[in-house]
Amino acid sequence: MKKNIVLFLLAIVIFITGCELNNNPTSKVEELLSKYQKLDDEIVINYADLANTDELTDEQIDRYKNVIESQYKSLSYEIKEEEIDGDKAIVTTQIEVINYKEVLDKYSIDNYDI
């Protein structure tokens, strides 16, 4: 009987410790960025706010949407540092995405003789 109680208490301690390992600032930042990468339903992208849709055709809005989604899917990150001060935390993260400006500059129509 004592052996069962000890095993039960040990299981509870392991369960509680295991749950808390995933409840820290770094894991929360990783969870959020992962949602962007997966285009999770919790990440609401309001394309109308990102572009002036009054001046764009439906086709242009769809292209814009695909560019933004591609950006999120290709997002990569590295957690650099975590600082916890009481109930506040700072998680320093390096995030890399596609540099579309660089691509546009490189393949600008100005670079080609027509």
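Before any of the text, the structure's been laid out above.
Thresholds applied
Residues numbered from 1 in each chain as written. Predicted model: local features only at pLDDT ≥ 70, side-chain atom pairs only at ≥ 80, totals over all residues. Heavy atoms only, no water. Helix = DSSP H or I, 4+ residues; strand = E, 2+ residues; numbered from the N terminus. Buried < 20%, exposed > 50% of the residue type's maximum accessible area, 1.4 Å probe, protein only. Areas by Shrake-Rupley, 256 points an atom, 1.4 Å probe, with all protein chains shown as cover. Pairing = 2+ DSSP bridges. Patch = residues over 30% accessible without salt bridge, like charges linked within 9 Å, V, L, I, M, F, W, Y side chains within 5 Å. Salt bridge = Lys/Arg side-chain N within 4 Å of Asp/Glu carboxyl O. Lys, Arg positive; Asp, Glu negative; His and termini not counted. Charge placed at Lys NZ, Arg CZ, Asp CG, Glu CD. Expected span 1.5 Å × (residues − 1). Arc of directions from axis to C-beta. Contact = heavy atoms within 4.5 Å.

Caption draft 1: Expanded view of the overall build of the chain. On a plain count of helices and strands, the chain comes out with 5 helices and 2 strands. Within the chain, buried positions represent 12% of all 114 residues. Accessible surface computed for the chain: about 9600 Å², of which carbon and sulfur atoms make up 54%.

Caption draft 2: Region of the structure containing the pairing of strand 1 (residues 76–85). Examined bridge by bridge, strand 1 and strand 2 (residues 88–96) share 9 bridges and lie antiparallel to one another. The residue of strand 2 that forms the bridge with Ile 84 is Ala 89. Counted along the chain from strand 1 to the antiparallel partner strand 2, the turn is 2 residues long, and its residue Gly 86 has a positive phi close to 65°.

Caption draft 3: Local environment of a negative patch on the surface. A cluster of acidic side chains, namely Glu 81, Glu 83, Asp 85 and Asp 87, defines a negative patch on the protein surface. By secondary structure assignment, the location of Glu 81 is in strand 1.

Caption draft 4: A look at helix 4 (residues 58–74). The end-to-end C-alpha separation of helix 4 is 24 Å, in line with the 24 Å expected for 17 residues at 1.5 Å each. For helix 4, the full list of buried residues reads Ile 68, Glu 69, Gln 71 and Tyr 72. Mapping the buried residues of helix 4 onto a view down its axis gives an arc of 155°, with all of them on the same face. More than 90 degrees from the buried face of helix 4, the exposed residues found are Arg 63 and Lys 73.

Caption draft 5: Here's a closer look at the pattern of salt bridges. The full count for this structure, using the stated rule, is 5 salt bridges. Ionic pairing is found between Lys 35 and Glu 31, a salt bridge with its closest N-O pair at 3.8 Å. One end of the pair is Lys 35 and the other is Glu 31, both in helix 2 (residues 25–37) and 4 residues apart, which spans about a single turn. The partner of Lys 35 in a salt bridge is Glu 42, with the nearest N and O atoms 2.6 Å apart. Each member of the salt-bridge network shares a partner with another, and the members are Lys 28, Glu 31, Lys 35 and Glu 42.

Caption draft 6: Looking closely at the side chain of Thr 26. On the secondary structure map, Thr 26 appears in helix 2. Take Thr 26: its relative accessible area is 16%, and that puts it in the buried class. Sequence-distant contacts of Thr 26, that is, excluding residues within four places in its chain, are made with Ile 79, Glu 82 and Val 91.

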